[in-house]
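# Structural overview
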Amino acid sequence: MIIPWQELDTETLNNIIEAVILREGTDYGERELSLETKVEQLHSRLKAGEAVLVYSELHETVDIVDKGSVTGDISES
């Protein structure tokens, strides 16, 4: 189910974004990015509509995924 991130409290959204980033693990890119930078980048992707916030009832988890990866099993609320 897609969760409209705009309806979440700012602190709640930031906590979700941080949790998603920390769950992803270590950054193996050319340069290490700070948590703050990663949060800003992911928040920008949500604002731009490139990513969506989803809740999985099956796994009882919240995640942020590329909008293009959302399949027919995930419906907007």
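Scroll up a little and you will see the structure.
Quick look at the structure, then. Source: prediction; values computed, not measured. (Residues numbered from 1 in each chain as written. Predicted model: local features only at pLDDT ≥ 70, side-chain atom pairs only at ≥ 80, totals over all residues. Heavy atoms only, no water.)

### Thoughts on the overall build of the chain
The cut-off we apply is this: For the purposes of this entry, the term helix denotes a DSSP run of H or I that reaches at least four residues, the term strand denotes a run of E that reaches at least two, and both are numbered from the N terminus. By the convention used here, residues are in contact when the closest approach between their heavy atoms is within 4.5 Å. In these tables, accessible area is a Shrake-Rupley quantity obtained with a 1.4 Å probe, and a residue counts as shielded only by the protein chains included in the view.
The number of helices and strands found in the chain is two helices and three strands. Secondary structure elements in the chain, listed N-terminal to C-terminal, are β-α-α-β-β. Look at the contacts in the chain between residues 6 or more apart in sequence, and 46% of them connect residues 24 or more apart. Carbon and sulfur atoms make up 48% of the accessible area of the chain, which totals about 5600 Å².

### A closer look at helix α2 (residues 35-47)
The cut-off we apply is this: Helices are assigned an expected span. That span is 1.5 Å times one less than the residue count. Each residue's exposure class comes from its accessible area (1.4 Å probe, protein chains only) as a fraction of the maximum for that residue type: buried when under 20%, exposed when over 50%, partly exposed otherwise. What the arc measures is the spread of directions leading from the helix axis to the C-beta atoms.
Under the 1.5 Å per step criterion, the end-to-end length of α2 is 18 Å for 13 residues, consistent within 8% with the ideal 18 Å. Taken as a whole, α2 has its buried residues at Lys-38, Val-39, Leu-42 and Leu-46. What you see down the axis of α2 is that its buried residues fit within an arc of 100°, all on one side. Exposed and oriented more than 90 degrees from the buried face of α2 are Glu-36 and Lys-47. Against the buried residues of α2 lie α1 (10-24), β2 (51-56) and β3 (61-66). Looking one or two residues past α2, Gly-49 carries a phi angle of roughly 80°, positive in sign.

### Observations regarding α1
Selection criterion: Pairing of N or O atoms within 3.5 Å defines a polar contact, subject to two protein rules: one partner must be a possible hydrogen donor and the other a possible acceptor, and residues neighboring in sequence count only if both atoms are side-chain atoms.
Between its terminal C-alpha atoms α1 stretches 21 Å, which fits the 21 Å expected from 15 residues at 1.5 Å a residue. Among the residues of α1, Leu-13, Ile-16, Ile-17, Val-20 and Ile-21 are the ones counted as buried. For α1, the arc enclosing every buried residue in end-on projection is 130°, short of the 170-degree limit, so these residues lie on one face. In this structure, α1 carries Glu-11, Leu-22 and Arg-23 as exposed residues pointing more than 90 degrees from its buried face. In the core, the buried residues of α1 are packed alongside α2, β2 and β3. Where α1 begins, the capping side chain belongs to Asp-9, and its oxygen is found 3.1 Å from the backbone nitrogen of Glu-11.

### What to know about the pairing of β3
Inclusion rule: Two strands are said to pair when DSSP picks up at least two bridges between them.
In terms of strand pairing, β2 meets β3 through six bridges, oriented antiparallel. Directly across from Ala-51, in β3, lies its bridge partner Asp-66. In this structure, the hairpin formed by β2 and β3 is closed by a connection of four residues, where Glu-60 is found at a positive phi of approximately 55°.

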